[in-house]
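Given next are the chains, with one letter for each unit.
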Amino acid sequence: MKIKIILLSLQIIILLFTKTSNSQEDFNYIEVSHNLYVITEISGGNVAFLVTKKGIVVVDAGSTPENGAKIVSIIKSVSNKPIKYLILTHFHGDHINGIVGFPRDVKIIAHQDLSKNNDLFNKKNLDNYINNVLPGYLVNLKLQMGLIENKESEEFISLKKDYETNLEYFEDIKNIKLREPDIAFENFYRFRIANERIMLEHPGPGHTNDNILVKFSNHNVIHMGDLIFNKMFPYTIEEHGVDIYTWVKILDDLYKENIYTVIPGHGEIGEKIILKEQSDYFKTLAQKIERLKKQNLSLDQIIAICDIMDHDLKGNEDQFKENIIVIYNQLTTSKVDWWNF
Ligand SMILES: [Zn+2]
């Protein structure tokens, strides 16, 4: 029973401190445009890097210090230019916890609220994770292992593997430390490096209140951070400032722009259509919830009626219920006309 409770805590916290059970796996990277690469996710968000004559620009830092160091080593295997800038798309740990793996002199760019959010949410969670959750989990695993007589059994081997992975993870996350951004902006930040133009925008709150998107203007490629979860259920956490209405507007506005390739925070890289798919998911769900709400159904009844199978998404299934709750609450409090897009 105790294990179950701890596992539940792990699930809640996993967004901020993603487990590295796959830490031994190799990362993959692909070139999505000339000199613009994406390291596809293993245990954190998708990381992009652009190689220019004057240095390298990276978007997002990976989920742990070890993860960040691995990202840097992959970048070094592609180019010996210095890493000049590290752009952080938002404050969630699976995008920023790898910062300490980066060179000390890299310039960090983020939204002005990222540090505040990190203090408010990440620090408390990290302390709790390091001081309580993970040590408790490890002690429990040890106890369970002690109860098994046959040390060759599958059950024992599986517990031992879990123990070793989490012990390694425990040591890794003790090194997590956010560095204050060198450049923090409110709405827009644009810069050039060599002949490349990089445009950063905070389009309003969507996934979080500090989410930014990164436009590689010479390439018509955009890194969306977690404003896109491609073909999976998006994370929606009310206390992190999620705003589905604005999120849909952001996606619909971007869909009109001249974009070829979309790098999502999570999931596979796609074409512009994935912006519309994410928007359509929210609209379809919101319209259904609004219809049921008008029939005076309670939130619990609505949750029971909404069918996850109506949506062609796989991954983060536990977020479907959260998506419904967030939309229901936003419909209740902001009285937005969801039909009027
Ligand atoms: Zn996120």
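Residues numbered from 1 in each chain as written. Predicted model: local features only at pLDDT ≥ 70, side-chain atom pairs only at ≥ 80, totals over all residues. Heavy atoms only, no water.

Undergrad: Sorry, what's going on with a negative patch on the surface here?
TA: A cluster of acidic residues, Glu238, Glu317, Asp318 and Glu322, forms a negative patch at the surface. With respect to the helices, strands and loops of the structure, glutamate 317 is situated in the loop between α8 (299-305) and α9 (319-334). When its relative accessible area of 40% is taken as the criterion, glutamate 317 is described as partly exposed. (Patch = residues over 30% accessible without salt bridge, like charges linked within 9 Å, V, L, I, M, F, W, Y side chains within 5 Å. Areas by Shrake-Rupley, 256 points an atom, 1.4 Å probe, with all protein chains shown as cover. Salt bridge = Lys/Arg side-chain N within 4 Å of Asp/Glu carboxyl O. Lys, Arg positive; Asp, Glu negative; His and termini not counted. Charge placed at Lys NZ, Arg CZ, Asp CG, Glu CD. Helix = DSSP H or I, 4+ residues; strand = E, 2+ residues; numbered from the N terminus. Buried < 20%, exposed > 50% of the residue type's maximum accessible area, 1.4 Å probe, protein only.)

Undergrad: Help me understand the pattern of salt bridges in this model?
TA: Pairs may arise between side chains of opposite charge once their charged atoms sit close together. Applying the stated criterion across every chain yields a total of eleven salt bridges. Here lysine 215 ties to glutamate 201 by a salt bridge, and the two come within 2.8 Å at their closest N and O atoms. Residue lysine 215 is found in strand β10 (residues 213-216), and its partner glutamate 201 is found in strand β9 (residues 196-201); the two are separated by 14 residues along the sequence. You'll find lysine 215 and glutamate 201 in the same group, each marked buried.

Undergrad: Which parts of the structure should I look at to understand the packing of helix α7 (residues 273-294) against α9?
TA: A packed helix pair is summarised by two numbers, namely the angle formed by the two axes and the spacing between the axes. Relative orientation of the contacting elements α7 and α9 amounts to 60 degrees, with a least axis distance of 10 Å. In this view, α7 runs oblique relative to α9, as classed from their interaxial angle. Relative to α9, α7 is oriented so that their crossing is right-handed. Between α7 and α9, the contacting residues are Tyr281, Phe282, Leu285, Ala286, Ile289, Glu290 and Lys293 on the first element and Phe320, Asn323, Ile324, Ile327, Tyr328, Leu331 and Thr332 on the second. (Axes fitted to C-alpha atoms, helices over the stretch in contact; angles between N-to-C directions. Parallel < 35°, antiparallel > 145°, perpendicular 65-115°, else oblique. Left-handed = near helix turned anticlockwise from the far one by under 90°. Contact = heavy atoms within 4.5 Å.)

Undergrad: What's the story with the sheet that holds strand β5 (residues 83-87) in this structure? I'm lost.
TA: The pairing of strands in a sheet happens through backbone hydrogen bonds and is either parallel or antiparallel. Ordered in space as β1-β2-β3-β4-β5-β6-β7, the seven strands form an open sheet in which the pairing is mixed. Every interior strand has two partners, whereas the edge strands, β1 (28-33) and β7 (183-185), have only one. Averaged over all neighbouring strand pairs, the angle between strand axes comes to 20 degrees, with direction disregarded. Both β5 and strand β6 (residues 107-111) contribute to a ladder of three bridges, which runs parallel. The partner of leucine 86 across the bridge, within β6, is isoleucine 108. The strands touched by helix α2 (residues 65-78) within the sheet are β1, β2 (36-40), β3 (47-52), β4 (55-59) and β5, with β2 carrying the most contacts at an inclination of about 145 degrees. (Pairing = 2+ DSSP bridges.)

Undergrad: Could you clarify how one ought to interpret the pairing of β6 in this entry?
TA: In the case of a regular strand, side chains alternate between the two sheet surfaces. For β6, the tally of buried residues reaches four of five residues, placing the bulk of the element in the interior. In the sheet, β6 pairs with β7 via three bridges, with the strands oriented parallel. In the strand pairing of β7, alanine 110 is matched with alanine 184.

Undergrad: Which parts of the structure should I look at to understand the coordination of the zinc ion?
TA: Ideal values differ by geometry: the angle at a metal is 109.5 degrees with four tetrahedral donors, but 90 or 180 degrees with six octahedral donors. Distances from the zinc ion to its protein donors, His90 (NE2), His92 (ND1), His207 (NE2) and Asp226 (OD), fall within 2.1 to 2.2 Å. Relative to the metal, the four donor atoms surrounding the zinc ion lie at angles of 89 to 165 degrees, and the coordination shape comes out irregular. (Donors = N, O, S within 2.8 Å, 3.2 Å for Na, K, Ca; no water. Tetrahedral: all angles 85-135°; square planar, octahedral: opposite > 155°, others 65-115°.)

Undergrad: Can you walk me through the packing of helix α4 (residues 114-147) against helix α5 (residues 154-173) in this structure?
TA: The interhelical angle for the contact between α4 and α5, taken along N-to-C directions, is 160 degrees, at an axis separation of 10 Å. Our classification of the angle between α4 and α5 gives roughly antiparallel. In this structure, the crossing between α4 and α5 has a hand that is left-handed. Across the interface between the two elements, Leu126, Tyr129, Ile130, Leu134, Pro135, Tyr137, Leu138, Leu141, Lys142, Gln144 and Met145 from α4 touch Phe156, Leu159, Lys160, Asp162, Tyr163, Asn166, Leu167, Tyr169, Phe170 and Ile173 from α5. Class assignment for the residues of the contact of α4 with α5 results in 16 nonpolar, two polar and three charged. (Nonpolar A, V, L, I, M, F, W, Y, C, P; charged D, E, K, R; others polar.)

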